[in-house]
Each structure stands twice: as structure tokens, then as C-alpha cells.
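Architecture and fold: a report
Residues per chain are reported as follows:
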Amino acid sequence: MSGQPRFVNPFHSRTHSLAAAAAPAGKAKLTHPGKAILAGGIAGGIEICITFPTEYVKTQLQLDEKANPPKYKGIGDCVKQTVNGHGVRGLYRGLSSLLYGSIPKAAVRFGVFEFLSNKMRDQSGKLDSKRGFLCGLGAGVAEAVLVVCPMETVKVKFIHDQTSANPKYKGFFHGVREIIRTQGLGGTYQGLTATILKQGSNQAIRFYVMTSLRNWYKGDNPNKSINPLITGMFGAVAGAASVFGNTPLDVVKTRMQGLEAHKYRGTLDCAIKIMKHEGPKAFYKGTVPRLGRVCLDVAIVFIIYEEVVKILNIVWKTD
């Protein structure tokens with residue numbers, strides 16, 4: 001009867017509120033691929049300007065083959081000889097070639113990842129770690145074919161040329177013209193197989209780790225914001241995992257793109273000759289400088305990317 005007082009169970013009310021708090025907090029917001037391309041490009045450009053010296057040292061150590069004999073005794077000696085011979089600016093030789101590549105590389109990576117992940121999320125908008133791995137693999141292959149292989153080939157040839165007795169490349173664009181003129185367009189696509197394997201595994205590992213850590217941190221709330229420092233920590237862990245996972249591929253790729261790439265018939269032949277003449281340790285040359293660079297690299301890129309996306313979500317409405 002309507003006139004009778006209703007009894008409200010306080011325990012039922014409390015249980016209901018706790019259940020509501022534990023329930024998923026709506027559907028996860030998706031990032032438009034266009035925003036991902038723009039944010040990724042900005043993040044890639046800023047990151048490479050910060051971390052290039054370690055990339056330079058890594059490349060020098062990998063090109064410093066035992067048979068030459070070695071020019072450098074280690075990381076410190078490489079830095080010392082470079083600064084003594086060319087000043088601090090010497091550590092930034094070849095920056096232009098990598099900068100021109102880093103912006104489109106990160107743009108393609110994040111654009112393709114968000115495009116694929118938007119298609120593979122579940123009904124609540126959540127992306128599980130296995131699908132994150134596959135999306136990362138797709139993003140890595142795309143950036144390898146469209147950007148990384150031609151740009152990295154030019155970068156390695158440019159740095160190798162600048163350290164020779166009589167450098168023949170006057171600058172980045174002159175170097176590109178000379179490479180294409182003397183070797184054809186194929187000259188910028190040396191080591192494509194190794195590059196696809198490296199970039200594909202790189203991004204698959206990184207996005208797998210990032211997706212796993214993000215899902216763990218967010219729990220049942222897919223729209224829970226993550227502090228930039230936490231994002232940076234997650235990025236550094238993802239970067240470290242990728243370094244230990246594919247440094248041998250990075251070494252093979254660098255050799256295949258150097259000026260002495262003609263010594264190898266292909267990616268497998270290069271790996272076999274390195275193992276035969278230099279031993280398994282050669283596959284991990286440059287690991288320490290690469291570890292420092294990649295951890296910083298991935299942390300910076302993810303922090304900047306996430307923050308730029310937040311700004312774009314305010315000024316660029318895509319929903």
C-alpha cells in the first residue's frame with residue numbers, strides 16, 4: 001500500500017554503491033588516427049634531438065669491426081675521440097638524416113597502431129595485451145617499409161662517410177642524391193628484411209609491454225588518467241624489453257646498411273659471417289649505449305605523445 005512506510009536496507013544500499021564503484025567506468029575513449037599521426041610526429045622530433053648522441057655512439061661501435069682493427073676501446077673512448085676531433089658538435093653529425101626520419105617514423109607508428117587497435121578493441125573499448133602485440137607488429141612493419149629502412153640506410157652511410165678520410169657527402173640531401181645516383185633507389189633499401197624484423201619485433205614488444213602495464217594500472221576504469229611520470233616508467237620498461245629482445249637484429253641491420261654492405265649476400269649471410277668471424281658477442285655490440293638511448297627514447301616519446309593527444313582532444317573534436 002502506498003500509505004505504508006518503506007523500509008530501506010542500509011546494507012543493500014552500501015552493497016549497491018560498492019558494486020557500482022567496482023563496475024567498469026564506461027567505454028574507453030578511442031584516439032583518432034589523425035591525432036595519433038600528428039602527436040606521434042611531434043613526439044618523434046623532440047625525442048631524437050635529446051637522444052641523438054647515444055645513437056651516434058651506438059652506430060660507431062657497431063661499424064667498428066674487429067677485422068679493421070678496432071678504432072675505439074669502448075663507449076668512453078668513442079665519445080672522447082669524437083669530441084677531441086670534431087668538438088661536441090661531432091656527436092650530432094648525421095642528426096639531420098635521423099631527424100627527417102624520426103618525425104614521419106613516429107607519425108606512421110602511432111597512426112597505424114591507433115588505426116589497428118581501434119578495430120581490435122572489445123565492446124568496452126579495451127585492448128588486451130595479445131592484440132596490443134599484433135597492433136604493435138603491424139605498426140612496426142609499416143614504419144619499416146615506409147620510413148625506417150630508407151632513412152636508416154642513408155643515416156648509416158652518412159655517418160660512415162663522415163668518419164672516412166675523404167668524406168664525399170656534403171650534406172643530407174646531397175648524400176641522398178649521390179646514393180640514388182650511384183646505387184639507384186634500391187641503394188636506400190638495403191637490409192629491408194632485417195629492418196622489418198627489427199622494427200616489427202621492436203614495436204610488438206614495446207606495445208605489448210605498454211598495453212599490459214596500462215591495463216594493469218587502469219584496472220576496471222579504462223578512462224583512468226595516467227601520470228606522465230608513470231607513463232615514462234612504463235615506456236622505459238617497454239624500451240628495455242625490446243633492446244634485450246632484438247639487439248642481434250639491430251647489429252645485422254646496421255652492417256647491412258653500411259658502406260661495406262656489399263660483403264654480404266643478404267641478411268642471413270651477414271648473420272652467419274658475423275658469428276663465424278667475430279663470435280656471438282658481436283651480436284650485442286653497442287648494447288649498453290643502445291639500452292640507455294632506447295629506454296630514454298621510448299619514455300620520452302610516450303610521455304610527449306600522450307600529453308599532445310590530451311591537448312588535441314580539447315582543440316580537435318572527433319567524436
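Quantities reported herein were computed from a predicted structural model and do not represent experimental measurements.

Moving on, we come to the overall build of the protein chain. A tally of helices and strands in the protein chain yields 10 helices and 0 strands. The secondary structure elements of the protein chain, listed N-terminal to C-terminal, are α-α-α-α-α-α-α-α-α-α. The burial tally for the protein chain puts 47% of its 319 residues in the buried class. Across the protein chain, the fraction of contacts at a sequence separation of at least 24, relative to all contacts at a separation of at least 6, is 77%. For the protein chain, the accessible surface area stands at approximately 16300 Å², while carbon and sulfur atoms represent 64% of it.

So, about empty space enclosed by the protein. Counted under the stated rule, the structure contains 5 cavities of 30 Å³ or more. What the largest cavity holds in volume is close to 190 Å³. Lining the largest cavity we find 21 residues, and of these K105, K198, Q199, R293 and D297 sit closest to its centre. Per-element tally for the lining of the largest cavity: the top contributor is helix α7 (residues 192-218), with 5 residues.

Once that is clear, we can look at the packing of helix α2 (residues 33-63) against helix α8 (residues 228-257). The geometry of α2 relative to α8 is characterised by a closest axis approach of 10 Å and an angle of 75° between their N-to-C directions. It follows that α2 is roughly perpendicular to α8 by the angle criterion. Touching K58, T59, Q62 and L63 of α2 are D250, V251, T254 and R255, all from α8. Taken together, the residues that form the contact of α2 with α8 break down as 2 nonpolar, 3 polar and 3 charged.

In this model α8 runs just 36 Å from its N-terminal to its C-terminal C-alpha over 30 residues, more than 12% under the 44 Å that 1.5 Å per residue would give. The sharpest bend along α8 comes to roughly 65°, located at N246, with the proline P248 sitting one to four residues further on. The N-capping residue of α8, defined by a side-chain oxygen 2.8 Å from the backbone nitrogen of L229, is N227.

Glancing now at the packing of aromatic side chains. For the coordinates displayed, the defined rule picks out 10 aromatic pairs. When the ring of F110 is compared with that of F207, the centres are 6.0 Å apart and the planes differ by 80°; the resulting orientation is edge-to-face. Of this pair, F110 sits in helix α4 (residues 95-120) while F207 sits in helix α7; the two residues are 97 residues apart in sequence, bridging distant segments of the chain. In this pair, the class of F110 matches that of F207, namely buried. Taking 4.0 Å as the distance between ring centres and 15° as the angle between the ring planes, the aromatic pair formed by F110 and Y305 counts as stacked. Placement of the pair is F110 in helix α4 and Y305 in helix α10 (residues 287-315), with a sequence separation of 195 residues.

What follows deals with the packing of helix α5 (residues 129-162) against α7. At a minimum axis separation of 6 Å, α5 and α7 run at an interaxial angle of 145°. By crossing handedness, the relation of α5 to α7 is classed as right-handed. Tallied by class, residues from the contact of α5 with α7 come to 13 nonpolar, 12 polar and 2 charged.

So, about the pattern of salt bridges. Per the stated rule, a full pass over the model turns up 7 salt bridges. Close ionic contact of E307 with K310 constitutes a salt bridge, the shortest N to O distance being 3.1 Å. Of this pair, E307 and K310 both sit in helix α10, 3 residues apart, which is roughly one turn of the helix. Beyond isolated ion pairs, a larger network of salt bridges with shared partners links R265, D269 and K273.

Attention now goes to the environment of T267. In this structure, T267 sits in helix α9 (residues 267-278). Residues T267 and A194 lie 73 residues apart in sequence; the distance between their C-alpha atoms is 6.2 Å. The residues touching T267, leaving out its near neighbours within four places in the chain, are T193, A194, V252 and M256.

Let us now look at the layout of surface pockets. Of the voids in this model, the largest pocket is the one considered here, and its volume is about 1100 Å³. Taken together, 40 residues line the largest pocket, and the ones lying closest to its centre are K29, T31, K218, P222 and N223. If you list the elements that add at least two residues to the lining of the largest pocket, you get α2, α4, α7, α8 and α10. Sorting elements by how many residues they give to the lining of the largest pocket places α10 first, with 6 residues. Taken together, the residues that form the lining of the largest pocket break down as 13 nonpolar, 13 polar and 14 charged.

Cut-offs used in this document
Residues numbered from 1 in each chain as written. Predicted model: local features only at pLDDT ≥ 70, side-chain atom pairs only at ≥ 80, totals over all residues. Heavy atoms only, no water. Helix = DSSP H or I, 4+ residues; strand = E, 2+ residues; numbered from the N terminus. Buried < 20%, exposed > 50% of the residue type's maximum accessible area, 1.4 Å probe, protein only. Contact = heavy atoms within 4.5 Å. Areas by Shrake-Rupley, 256 points an atom, 1.4 Å probe, with all protein chains shown as cover. 1 Å grid on protein atoms, 1.4 Å probe; cavity = no way out; pocket = protein on both sides within 12 Å on 5 of 7 lines; lining within 4 Å. Points joined across faces, edges and corners; volume = space filled by probe spheres on them. Axes fitted to C-alpha atoms, helices over the stretch in contact; angles between N-to-C directions. Parallel < 35°, antiparallel > 145°, perpendicular 65-115°, else oblique. Nonpolar A, V, L, I, M, F, W, Y, C, P; charged D, E, K, R; others polar. Expected span 1.5 Å × (residues − 1). Bend = angle between axes of the 7 residues up to and from the residue. Polar contact = N/O pair within 3.5 Å; in protein donor to acceptor, adjacent residues only side chain to side chain. Phe/Tyr/Trp six-rings, centres within 6.5 Å; stacked < 30°, edge-to-face > 60°. Left-handed = near helix turned anticlockwise from the far one by under 90°. Salt bridge = Lys/Arg side-chain N within 4 Å of Asp/Glu carboxyl O.

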